[in-house]
Every structure is written in C-alpha cells, then in structure tokens.
Amino acid sequence: MTALTAPLRSSTLRLVVVLALLSVGFVVTGPATANASSSASASAAAAATPCKSDFGPNVCVFDPSMPVSQIQATVDAIATQQVPNQFGPQRYALLFKPGTYGTADEPLNFQVGYYTDVAGLGASPKDVVINGSIYVRNQCDANNSCIALTNFWRSMSNLTINVTNPDFGCYTGEFWAVSQAAPMRRVQVNGLMTLMDYCTAPSFASGGFIADSRFDGNTVINGSQQQFFVRNSTLDGWTNGVWNQVFAGDVGAPAQCFPAQADICGPYTTLATTPASREKPYLYLDRSGKYQVFVPTATTNSAGETWSSGRPTPGRSIPLSDFFVAKPSDSVQTINNQLARGRNLLLTPGVYHVDRTIKVKRADTVVLGLGLATLTALNGAVPMTVADVPGVDIAGLIFDAGLPNSPTLLQVGTHHASKGAARDHNGWSDPADPTALQDVFFRIGGPHAGKATVSLEVNSDNVILDDIWAWRADHGNGVGWKQNTANTGVVVNGDNVTATGLFVEHYQKFQVIWNGDNGTDVFFQSEMPYDVPSQAAWMSSLTTKGYAAVLVSRTAQHFTGYGMGTYSFFNQGIDIFADHAYEVPTPANVRMHDLLTIFLDPSVGKGGILNVINNTGGSSTIANPDVPVTVTSFP
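A quick note: this is a predicted structure, and the numbers were derived from the prediction, not measured. (Residues numbered from 1 in each chain as written. Predicted model: local features only at pLDDT ≥ 70, side-chain atom pairs only at ≥ 80, totals over all residues. Heavy atoms only, no water.)

> Explanation requested: unusual backbone geometry in the structure shown.
Excluding glycine, residues mostly carry a negative phi; peptide bonds, for their part, are mostly trans. Residue P267 follows G266 across a cis peptide bond; omega there is 0 degrees. With respect to the helices, strands and loops of the structure, P267 is situated in the loop between strand 17 (244–248) and strand 18 (268–271). With omega at -5 degrees, the peptide bond leading from F634 into P635 counts as cis. Mapped onto the fold, P635 is located in the segment after strand 46 (629–634). Phi is positive for N379, which is not a glycine, with a value near 60 degrees. Along the chain, N379 falls in the loop between strand 28 (366–377) and strand 29 (384–386). In this structure N379 comes out as exposed when scored by relative accessible area, which is 61%. (Helix = DSSP H or I, 4+ residues; strand = E, 2+ residues; numbered from the N terminus. Buried < 20%, exposed > 50% of the residue type's maximum accessible area, 1.4 Å probe, protein only.)

This is the structure:
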C-alpha cells in the first residue's frame, strides 16, 4: 500500500471514526502535544543508552532497576531517528528484562519507528509489564496529510501494557496505527486499544496482523483499517469492519457477517479455530538469567492465546549457546560453517549483504532475526535455501532483492522433491513438525534497485506461512516497470501448506501461484501492479486480460481460501483490466469463502477487475469505486 492512494472517501472515514469512538464511549478532545520526555535529544540519549549488550550496539537490553528517565531517553532517541527512516539501513531491537517499567506518576510511553522490534524477555507476556504505552501514529507530509499507509517493518511482542497516558489528550490509549509487516504477538493490553490514529486526518491505514494476544478493558477500535487479520487471541469487543476483517481461533471475535450488512455488522470472516499454526520463536531469560530461545509446538484447529490459561506455552527451549549469533560483518561462508556444525542461527540487527546462498540443511533448525535483520541479495544470489527436512523455523527477517536478478529470494525445499516420494517421520516432511515462516517479508525495490523472478518458493510439504508480506515496491528507490522487475511473489508447490496472513502486492504477473494439493489460505490481501504501461504488456494469455492475484493450478485438486481481498489501482492514465482476481480449476475440490475486489481512487485509477473469481462476480471499475464487490462462496 502506498501513501499516494486514498482508499476511503473522507466522508466515509469520518463516519467510521465517529461510530468506532462512540461504540467505546470515547470522547475526542483534539490532539495533544507529546510529553516533554519525548523531545529528548539524541545526544542526551546517547549518554544514557544501555545499548551495549551481548548482541551488539543495536540491541538495547533494559532492566527494571534502570531509571525510567534513562530508558525514556534511549527509546526516544531511537524513535526520533527511525520514525521517518523508511528505507534506511539502521535496525534496532529494544528488549525488556522481566519486571515492571513505569508507574502511574512516571509512566513509560514511547513511539516505535521503522525497523524496530520491541519485545519482553520473559517466558510469559505477564513477566514484563509496561505502565504506559508503546505506540505508532500517523505520519504527516508537507501538506499535513496524516496517514498510516506506510507504517511498515516494526513489531511488538511478549509483554503486557497497562495503558497509562492520561495526559495525552486525544492520544490517550494504546495506538498501533500500522499497515503491513508490523505484527503484534504475545501482547496483553489492559485499556483502550486502537488500530487507527484518529487524532490527525485523513487517518488511512492498511494493516495488519495480530496473533497470540489478549485485549482486556475496552473494545478494540478498528476504525479506518481497510483489512486486518487477528488469530488465536482474546478480544473484549471489536468496533467495526471496512473491507476485509478476518478472525481465526479468537475468543470474543465478532460473529460471521460477510458481506457487511449496513448498520448491523461486518464485513467479518470468522473461523472458530485456526486450521494450522506455529507461534513464532522468541528470545527469553530463564530463571538463572541465561538466554534461551523458545520454539512453540505446532497446533491444529486451535483457539485462544497459548499463554494465559495458567499453563506455559507448549514447546521446547534451546540455549543461546546452541546458536551462532551473527553480525552483519560475518561472511556467508562463516554462517554456513556454523550451520553445518549443527548450530541454529540468530541474526542481530543490520543489513547482511549476501553474495552466496545461506544453506539451512538440518531438520528443526531455527533462524531468528532481531530488529528485522535484512538479507540483501548480491550478484544474483538466492539469499537462503532450506533443504528437504522437517521442522525448520525462519522468523523475523526481511529479504531484499539486489542486482542483477535473483531467481528466488527464499526457497523452502527442493523443487518437486516431495512428489511421488515416500515421506515419514525421518524424511522430507512431518505433519506433526511442520516447517514454519513467521514475520518474513520480501521487497523488490524500495531501499535500492532490485530484481527477483520469485520472492518465496515453497516446495516442501507441511509448511506454515504466518504473516508474510511480499512487496514489489510502488515507491522508494529503483521503482519502475522495467526497473524493479518481479514476476510472482509466492509460489507454493508443496502439499498441505497453510498460509495465515498472506499479503502479496504489485508483482508483474500472478501475485500467488498455488500448485500444491490440500492448500489453505486464511486471509489474503493484494494489490495488482499500479504501473502497467499497456494492456498488451499485461496479458496472461492471448485472450485473458491481466493476471489474477491468485492462480490455483490444476495440480491443486484441493484448496480452501477464507477472507481474500484484491484491489486495483492502475495509475498510468490508461485503462488496464484484469479479467479475474482469482483463477481456480473446475471441476476440482476448491472451496473459496468471502472474496472481494475493490477499485481504488477514482481521481487517478483507471480500468479495473472484471470478475471476482473465474467468470463469477461483478466488476470493480470507476463505475463503483471504493465499493467491495463480493462473492460469499465459490463454487
């Protein structure tokens, strides 16, 4: 999603905001200036910084014995740098040891900018308590247009927030106004929680992802969020939907209501359970003060968070001594040597220039990034491959394309290795021990020029894709139809692959190609490429205009999809059409639920999408802008 689109008409947005705020009894008094501590200078913070940890200078480890003022100065200095730093190379992890931070008289309130992970180091989210707030707000341009459409690449996890900011005026509450690639995991919020920054206008937002979390004491404000996916969490109410709000395995989720019924409900896609999930591994301190990485157990048909029932999250702990703690200056050869010795891999914050492939060959290997560690392809390399082994976990990474073209940025399994081969507990695939990717993001252009034919290729069976954003950049550096070239974001060849939270945008052909059997996708968000130069340049066959966002091929005899939205915004001043948003084989055991298409921004957009799925569903064009065209069930 780009900062240039205006996906909600201002009158519609104002109505959404008013209804959302009234539903929780909140009164808007106008924006207040940030508290004085938020204006601390970077130089003052540098003198107080605790960012001298075992993980390098970009990992700050806070202790509850530190004065709140010292912590405040450090986090504010990082926020001052990172809030506007959309494509910079700086990366940070802000880690809090078990204990309580802030008080009613001196709360800890701080902003989270780009490439910043905020996480507690407890075994449970209850072990780290923040009395204050950890927030993301709109960004305002020179024309004072304030939006959250590009609030990407940041995260918060494994802590509890007792919302304490009574002097913040309109900003009172826990604000998490984000778009893609900004997950919230293992968080408990006690108090007002809003996913929209309604204190500055026009407040557009295009998120988002929440998992394994709990919200008590107030209804979650969705507000202007066009789409959002929440799974395995507990909700104390939800205000509204806009286009595509999806819930899976959530206690207290809104009832199924798709499409929306005016003034009644929706649009909500609600599943009682999540078909398959594996929570993200996380770093924590054990009772002896030693670092461990906890790897949660995979589950099927689950509901609710894993940690608040009085029982610990099921899984296994791996001592940090079993990890190679890498820094950006380490060579790929060094990393591969450590992996070959049976070690796991923890990538500290920074940008890693990868001129050859990082090879993950051992079953149950964990690759965990801190501070959204970034692997940038050099010389056409494939930055990472995973062998045909079960149980690998890759989490918290950005993969950036470079020059020249890379065939793939991340390949999981050897192409078609599983087809026709016997598979058992010791073989290439184990349904009880699936490989998983959590919070893994891909970029073609943006920070710099880059090209990659495919971003993510999944060849192994029994893989979970949990919060994936593959993005061919529509703004930033190296952007243009012939500059950041990329055919497809995600290709799935393996069987029994489940995606929960799949965001794929702006690729030049099919956004997703699904060849594997028994696939499932719960929540999908996509935009077709903005910059198609002509219809002739964008034909998937001699007679088919454009490329579908999702192509389920004839080799996939069974596929199920829930809550899938595709948008068009062709901005080159000429009509560009796609015949279908979704193409699936018929006859086949394919079941699709709650699909929609939308034509964005009639002031600039042209053309549109002519059918929702195959030849079913109406068209989304300038004749019906910003209005979802839906198919509730197919076939």
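What follows continues from the structure just given.
> I would appreciate a short explanation of the environment of Q188 in the present structure.
You can see Q188 is positioned in strand 11 (residues 184–190). Looking at Q188, the relative accessible area reads 11%, which means it is buried. Through-space distance from the C-alpha of Q188 to that of R214 is 4.6 Å; in sequence the pair is 26 residues apart. Setting aside residues no more than four positions away along its own chain, Q188 makes contact with L159, T160, I161, R214, D216 and W307. At 3.0 Å, the side chain of Q188 forms a polar contact with the side chain of N190. (Contact = heavy atoms within 4.5 Å. Polar contact = N/O pair within 3.5 Å; in protein donor to acceptor, adjacent residues only side chain to side chain.)

> Explanation requested: the packing of aromatic side chains in the structure shown.
Pairs of aromatic rings are described using the distance from one ring centre to the other and the angle between the two planes. Under the defined criterion, the tally for this structure stands at 35 aromatic pairs. Measuring from ring centre to ring centre gives 5.0 Å for F152 and W153, while their planes differ by 70 degrees; the resulting arrangement is edge-to-face. When the centroid spacing of 5.2 Å and the interplanar angle of 65 degrees are considered together, the rings of W243 and Y567 count as edge-to-face. Taken as a pair, W243 in the loop between strand 16 (227–231) and strand 17 and Y567 in strand 40 (residues 558–568) lie far apart in primary sequence, 324 residues in all. We classify W243 as buried; its relative accessible area is 3%. Counting every residue linked through ring pairs, the aromatic cluster contains F87, Y114, Y115, F152, W153, W469 and W471. Over the face of the ring belonging to Y171 we find R137, whose NZ or CZ atom lies 3.8 Å from the ring centre. Geometry around Y114 places R154 over its ring, the cationic atom sitting 4.5 Å from the centre. (Phe/Tyr/Trp six-rings, centres within 6.5 Å; stacked < 30°, edge-to-face > 60°. Lys NZ or Arg CZ within 6 Å of the ring centre and 35° of its normal.)

> Where do I start with helix 4 (residues 332–340) in this structure?
What sets the pattern is the α-helix's 3.6 residues per turn: residues three or four places apart point alike. Where helix 4 is concerned, the buried positions are V332, I335, N336, Q338 and L339. Buried residues in helix 4, looked at end-on, bunch into an arc of 160 degrees, giving them a common side. Two residues or fewer after helix 4 comes G342, characterised by a positive phi angle close to 90 degrees. (Arc of directions from axis to C-beta.)

> Looking at this structure, I do not really get helix 3 (residues 68–82). What am I missing?
With 15 residues, helix 3 ought to run about 21 Å at 1.5 Å a step, and its terminal C-alpha atoms sit 21 Å apart, in line with that. Those residues of helix 3 not exposed but buried are V68, I71, Q72, A73, T74, V75, D76, A77, I78, A79 and Q82. (Expected span 1.5 Å × (residues − 1).)

> What is the right way to read the pairing of strand 17 from this model?
When a strand is regular, its side chains alternate between the sheet's two faces. With five of five residues buried, strand 17 is to be regarded as a mostly interior element. Side chains N244, V246 and A248 project from strand 17 onto one buried face, and the interleaved Q245 and F247 project onto a second face that is buried too. Note that strand 16 and strand 17 share five bridges and pair parallel. Following the sheet pairing, R231 is matched in strand 17 by A248. Pairing analysis gives four bridges linking strand 17 to strand 18, with the strands arranged parallel. Each residue of the ladder has a partner; that of Q245, found in strand 18, is Y268. (Pairing = 2+ DSSP bridges.)

> Is there a simple way to explain the state of the cysteines in this structure?
Here a disulfide denotes a covalent bond joining the sulfur atom of one cysteine to the sulfur atom of another. Evaluation of the coordinates by the stated rule reveals four disulfides. At a sulfur-sulfur separation of 2.1 Å, the disulfide partner of C170 is C199. On the S-S bond that ties C170 to C199, the torsion sits near -95 degrees, and the link is left-handed. One end of the pair, C170, is in the loop between strand 9 (154–163) and strand 10 (174–175); the other, C199, is in the loop between strand 12 (193–194) and strand 13 (209–211), and 29 residues separate them in sequence. What makes C170 buried here is its relative accessible area of 1%. Overall, C199 belongs to the buried group, its relative accessible area being 10%. Disulfides within the chain link the bonded cysteines, taken in sequence order, as 1-2, 3-4, 5-6, 7-8. (Disulfide = S-S within 2.5 Å.)

> Honestly, the confidence of the model for the chain in this entry has me stumped. Any pointers?
Detail in the predicted coordinates should be disregarded across regions flagged by low pLDDT. Summing up the model confidence of the chain, the mean pLDDT is 92 and the portion of residues at 70 or higher is 90%. Residue range residues 3–19 is modelled with pLDDT below 50. Its contacts to residues more than four positions away, or to other chains, number 34 contacts. The low-confidence segment residues 22–48, where pLDDT is below 50, has 37 contacts with residues more than four positions distant or belonging to other chains. (pLDDT = per-residue confidence, 0-100.)

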